[in-house]
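So you can see what is in the structure, the chains are spelled out below.
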Amino acid sequence: MDKNNAIITVLGHDRVGIIAAIANVLADSNINIKDISQTILDDIFTMVMMVDLKDVKIEESDIVDKLNKLGDDLGVKITIQHTDLFYAMHRI
């Protein structure tokens, strides 16, 4: 696992522009999307992204704040966790 990688999860009602809005926030912070998986179950939007924080230009707390505000604006829940924490929390 690379310490520069993080997992972003998104869950909420589907609407136009969710992926674009998140991608724009990440690009503005110089965060690269390494992998993305998304699906819509009935009207529920779900997405998991692996991102690279190696060249990030802002503090981690600012990224969290930006994603939380964006989630509120879009009506979805957005979380970000370093991969080591994500894997530790989701180990069976």
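A few points on the structure. (Residues numbered from 1 in each chain as written. Predicted model: local features only at pLDDT ≥ 70, side-chain atom pairs only at ≥ 80, totals over all residues. Heavy atoms only, no water.)

1. Remarks on helix 1 (residues 18–28)
For helix 1, every residue scored as buried is listed here: Ile18, Ala21, Ile22, Val25 and Leu26. Within helix 1, the buried residues cover an arc of 130° as seen down the axis, which keeps them to one side. More than 90 degrees from the buried face of helix 1, the exposed residues found are Ala27 and Asp28. In this fold, the buried residues of helix 1 make contact with strand 1 (5–13), strand 2 (32–41), strand 3 (44–52), helix 2 (60–74) and strand 4 (76–82). Immediately beyond the C-terminal end of helix 1, within one or two residues, lies asparagine 30, with a positive phi of roughly 60°. (Buried < 20%, exposed > 50% of the residue type's maximum accessible area, 1.4 Å probe, protein only. Helix = DSSP H or I, 4+ residues; strand = E, 2+ residues; numbered from the N terminus. Arc of directions from axis to C-beta. Contact = heavy atoms within 4.5 Å.)

2. Things to note about unusual backbone geometry
Its identity is not glycine, yet asparagine 30 carries a phi of approximately 60°, on the positive side. Within the fold, asparagine 30 resides in the loop between helix 1 and strand 2. The backbone phi angle of aspartate 42 is positive, close to 60°, even though this residue is not glycine. Among the secondary structure elements, aspartate 42 is positioned in the loop between strand 2 and strand 3.

3. Concerning a nonpolar patch on the surface
Taken together, the side chains of Leu11, Leu41 and Ile44 define a hydrophobic patch exposed on the protein surface, amounting to about 270 Å² of accessible area. Secondary-structure assignment places leucine 11 in strand 1. (Patch = residues over 30% accessible without salt bridge, like charges linked within 9 Å, V, L, I, M, F, W, Y side chains within 5 Å. Areas by Shrake-Rupley, 256 points an atom, 1.4 Å probe, with all protein chains shown as cover. Salt bridge = Lys/Arg side-chain N within 4 Å of Asp/Glu carboxyl O.)

4. Comments concerning the sheet that holds strand 4
Spatial strand order, 2-3-1-4: four strands in an open sheet with antiparallel pairing. Of all the strands in the sheet, the pair left with one neighbour each is strand 2 and strand 4. Adjacent strand axes in the sheet meet at a mean angle of 15° when their direction is disregarded. The pairing of strand 2 with strand 3 spans nine bridges and is classified as antiparallel. Within strand 3, the residue paired with serine 37 across the bridge is valine 48. Its contacts with the sheet place helix 2 against strand 1 and strand 4, and it is angled at close to 160° to strand 4. (Pairing = 2+ DSSP bridges. Axes fitted to C-alpha atoms, helices over the stretch in contact; angles between N-to-C directions.)

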